[in-house]
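# What the coordinates show
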Amino acid sequence: MLAVVLVLAAVAVAGCGMGGEESILDKDRLVIGVRSDLPSVGFRTSKGTYEGFDVDVARYVATKLGKDFSFLGVLAADREKVLMDGRADLVVATFTIDQDRKKRVLFAGPYHISYQDILTRPGETIANVRDLKGRTICEVQGSNAAQRVVEERGVAARVVPFPDYKACLAALKSSQVDAVTTNDVILAGLAAQDGSGLRLANAQFNEQRSGIGLAKGDVPGCEAVNRAITDMYQDGTASTLLHKWFEKSGLSLRTIAVPQFEGCS
């Protein structure tokens, strides 16, 4: 009996050493990664605060979990890293759920369904994904949106990497690239802030399932986040937030339903 107790104690100590707290539910305060570069989605203001749809979703979820929280600004390339090295407990940052990412990150949600779209200069003839053939499109490092055009849609476009969307917009306006493609909410926010007449094609292809990232293995935390997301839709908060940030952007907000969850595995 004593041997069994000693073995269990050793396992418990080893577990603490490897991962510390196993769930966000064990923590009093959460660090939440949010985008710092996406107007209307996740954006760091000149005052050092964060605002946008994802930021409000993160705030709602943390409050539902009964946790104090702080925000950590991240770019696309940082989202997995900050979870895997423990700098963030949650990531709410236009983090599209896909099978490759699920090997390293546990996803709750999705909390929002959008579509991939195309942003171009005024007067361009690009109206749909097929029109990108032979064109140059921006790829933000850490995002896979541009690559999906080439691989999933089979469009022979040339993908050029840039560090962030600010650099992408500068490249678009200076004709270094012909288009920027990613989630429609991201493009809508960028175009609205830029104000130079950049045009959304409203092509609506490739459904985008934005999830909330957690450390791999935190199933109890994931299930709790899913319950908070369900509440967000059922109490009308999701609709309120979508209209708050995107009503004037031209995005269709006619149907706002609870997304079908991926499952916490």
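Keep in mind the model is a prediction, meaning the values are calculated, not measured.

Turning our attention to the state of the cysteines. Between two cysteines, a covalent bond joining their sulfur atoms is known as a disulfide. Applying the stated rule across the entire model yields two disulfides. Each disulfide pairs two cysteine sulfurs, and for Cys 222 the partner residue is Cys 264, the sulfurs being separated by 2.0 Å. Measuring the twist about the S-S bond at about -80 degrees, one finds the Cys 222-Cys 264 disulfide to be left-handed. Here Cys 264 lies in the segment after helix H8 (237-246) and Cys 222 lies in helix H7 (residues 219-234), a separation of 42 residues in the sequence. The class of Cys 264 is buried, set by a relative accessible area of 15%.

Those residues carrying the UniProt feature "domain: Solute-binding protein family 3/N-terminal" (unreviewed entry) are residues 29-249 in this numbering. Structurally, residues 29-249 comprises 32% helix and 33% strand, and the distance from its first C-alpha atom to its last is 34 Å.

Attention now moves to the environment of Gly 73. Among the structural elements, Gly 73 can be located in strand S5 (residues 68-74). Residue Gly 73 is classed as partly exposed on the basis of its relative accessible area, which comes to 29%. Through-space distance from the C-alpha of Gly 73 to that of Asp 178 is 28 Å; in sequence the pair is 105 residues apart.

This part is about the packing of helix H2 (residues 53-64) against H7. Between H2 and H7, the least distance of the axes is 9 Å, while the angle of their chain directions is 115 degrees. Our pair here, H2 against H7, has a crossing hand that is right-handed. Across from Val 57, Tyr 60, Val 61 and Lys 64 in H2, the residues of H7 making contact are Val 225, Ala 228, Asp 231 and Met 232. Here the residues of the contact of H2 with H7 are counted per class, giving six nonpolar, no polar and two charged.

A separate point is H2. Between the first and last C-alpha of H2 there are 17 Å, a value that for 12 residues agrees with the 16 Å anticipated at 1.5 Å per step. A large share of H2 lies buried, amounting to nine of its 12 residues. Positive backbone phi, at 75 degrees, marks Gly 66, one or two positions downstream of H2.

Our focus in this paragraph is the pairing of strand S1 (residues 29-35). With five of seven residues buried, S1 is to be regarded as a mostly interior element. Across seven bridges, S1 lies against S5 in parallel orientation. Bridging across to S5, Gly 33 finds its partner in Leu 72. With two bridges joining them, S1 and strand S6 (residues 90-96) adopt parallel strand pairing. Counted as the bridge partner of Gly 33 is Val 91 from S6.

With that settled, consider the packing of helix H5 (residues 165-173) against helix H6 (residues 184-194). Closest axis-to-axis distance for the H5/H6 pair is 12 Å, and the angle between their directions is 65 degrees. Crossing geometry of H5 relative to H6 is assigned as right-handed. On H6, the residues that touch Tyr 165, Leu 169 and Lys 173 of H5 are Ile 186, Leu 190 and Asp 194. Looking at the contact of H5 with H6 residue by residue, the classes come out as four nonpolar, no polar and two charged.

Summarising the element assignment, Asp 218 is placed in the loop between strand S12 (205-215) and H7. With a relative accessible area of 3%, Asp 218 lands in the buried category. Put simply, Asp 218 and Glu 22 are 196 residues apart on the chain and 6.4 Å apart in space, counted from C-alpha to C-alpha. For Asp 218, the residues in contact, after removing those within four places along its chain, are Glu 22, Ser 23, Ile 24 and Leu 106. For Asp 218, the side chain forms a polar contact with the side chain of Ser 23, separated by 2.8 Å.

Moving on, we come to the pattern of salt bridges. This structure, assessed with the given rule, holds 17 salt bridges. The closest approach of N and O atoms between Asp 37 and Arg 35, which form a salt bridge, is 2.9 Å. The exposure classification of Asp 37 matches that of Arg 35, with both residues buried. The partner of Arg 135 in a salt bridge is Glu 124, and the shortest N-O contact between them spans 3.1 Å. Here Glu 124 lies in the loop between strand S7 (105-120) and strand S8 (136-140) and Arg 135 lies in the loop between S7 and S8, a separation of 11 residues in the sequence. On the basis of relative accessible area, Arg 135 is assigned to the buried category, the value being 19%.

Rules and cut-offs
- Every chain is numbered on its own, with residues counted from 1 as its sequence reads.
- Given that the model is predicted, a residue must reach a pLDDT of at least 70 before its local features are reported, and side-chain atom pairs must reach 80 or more before they are shown or counted; all residues, however, enter totals for whole chains, interfaces and linings.
- In computing side-chain properties, one takes all heavy atoms of the structure into account and sets aside hydrogens as well as water.
- Throughout, disulfides are identified as pairs of cysteine sulfur atoms within 2.5 Å of each other.
- A run of DSSP states H or I qualifies as a helix once it reaches four residues; a run of E qualifies as a strand once it reaches two. Both are numbered from the N-terminal end.
- For each residue, the accessible area found with a 1.4 Å probe, counting protein chains only, is set against the maximum for its type, and the residue is called buried under 20%, exposed over 50%, and partly exposed in between.
- UniProt positions are given in the numbering used here, feature names are shortened, and annotations may be inferred rather than shown by experiment.
- What counts as an axis is a line fitted to C-alpha atoms, over the stretch in contact for a helix, and the angles between N-to-C directions run from 0 to 180 degrees.
- Crossings are sorted by hand: turned counterclockwise from the far helix by less than a right angle, the near helix makes the crossing left-handed, and turned clockwise it makes it right-handed.
- We call two residues contacting when some pair of their heavy atoms lies within 4.5 Å.
- Put simply, Ala, Val, Leu, Ile, Met, Phe, Trp, Tyr, Cys and Pro go in the nonpolar bin, Asp, Glu, Lys and Arg in the charged bin, and everything else, Gly too, in the polar bin.
- One less than the number of residues in a helix, times 1.5 Å, gives the span that helix is expected to have.
- At least two bridges found by DSSP between two strands are what make those strands a pair.
- Contacts described as polar in this section are N or O atom pairs within 3.5 Å, which, within protein, must combine one atom able to donate a hydrogen with one able to accept it, while residues neighboring in sequence count only if both atoms come from side chains.
- What counts as a salt bridge is simple: a side-chain nitrogen of Lys or Arg found within 4 Å of a carboxyl oxygen of Asp or Glu.

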